[in-house]
Amino acid sequence: QFDEHMGVTFIPVMLVQKDINDFFSSFAENNRLYNFMDSYECIFYNKGEYVVREGDIGDSAFVLIDGEVEVRRKGSDEVLAVMGQGEVFGELALLTDDVRSADVIARSELRIMSLPKEAFLDHLMNNPDHAMWML
Ligand code: CMP
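From a predicted model like this one, the values you see are computed outputs, not experimental measurements.

Caption draft 1: Here's a closer look at the packing of aromatic side chains. Following the criterion strictly, the structure yields one aromatic pair and no others. Above the plane of the ring of Y50 lies R53, whose end atom (NZ or CZ) is 4.1 Å from the centre.

Caption draft 2: Main features of the pairing of strand 8 (residues 103-106). On strand 8, burial covers both faces: D103 and I105 on one face and V104 and A106 on the other are all buried. Note: strand 3 (residues 50-52) against strand 8, two bridges, orientation antiparallel. Within strand 8, the residue paired with V52 across the bridge is V104. Sheet analysis places strand 5 (residues 69-72) next to strand 8, joined by four bridges and oriented antiparallel.

Basis of the calculations
- Residues numbered from 1 in each chain as written.
- Predicted model: local features only at pLDDT ≥ 70, side-chain atom pairs only at ≥ 80, totals over all residues.
- Heavy atoms only, no water.
- Phe/Tyr/Trp six-rings, centres within 6.5 Å; stacked < 30°, edge-to-face > 60°.
- Lys NZ or Arg CZ within 6 Å of the ring centre and 35° of its normal.
- Buried < 20%, exposed > 50% of the residue type's maximum accessible area, 1.4 Å probe, protein only.
- Helix = DSSP H or I, 4+ residues; strand = E, 2+ residues; numbered from the N terminus.
- Pairing = 2+ DSSP bridges.

What follows is the structure in C-alpha cells.
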C-alpha cells in the first residue's frame, strides 16, 4: 500500500522520529489527535515480560512511554538492541506484512502505547518524514 500512496518502490524500515513530543504533536498538527487518541491503548508490563514474540502475527506498533525493552532473536541471549522512552518498535511486521522478526522483552516496568496497524500506517502516509527509506 506504500507503493500506491507514495509513488515509491522503497521499503520503509523504521521510524526515525526519536522525540516523543514531536511524534504526538504531529498528530495534533494534522487535526488527527482526536482519531489518534481514540485508537490507542496504554499497556503496562512487568520486567521480564514479552511484549512481542518472534513469529507472531503483528497487528500493532508500539511507542515506549516509560521504561526499557531489549530485542532478541528467539532462543538467543544476544541483545540486538535496547530501546527507551519515546522509541517505536513492532513497526516492521506492519510495514512488511511479515510475522514479528524478533522477541521484544521488558527490561523494567513498562508503559507502552499500542498503535493499531491502520492508525500507524495512516500516520506514516501523512507524515512521510517520519519514515526512513531503504532500497
Ligand atoms: P517487528 O518485526 O514487528 O517485531 C519485532 C521488533 O523488534 C521489530 O518489529 C523491530 O521493531 C524490532 N527489531 C527487530 N530486529 C531489530 C534489530 N536488529 N535492531 C533493532 N530493533 C529490531
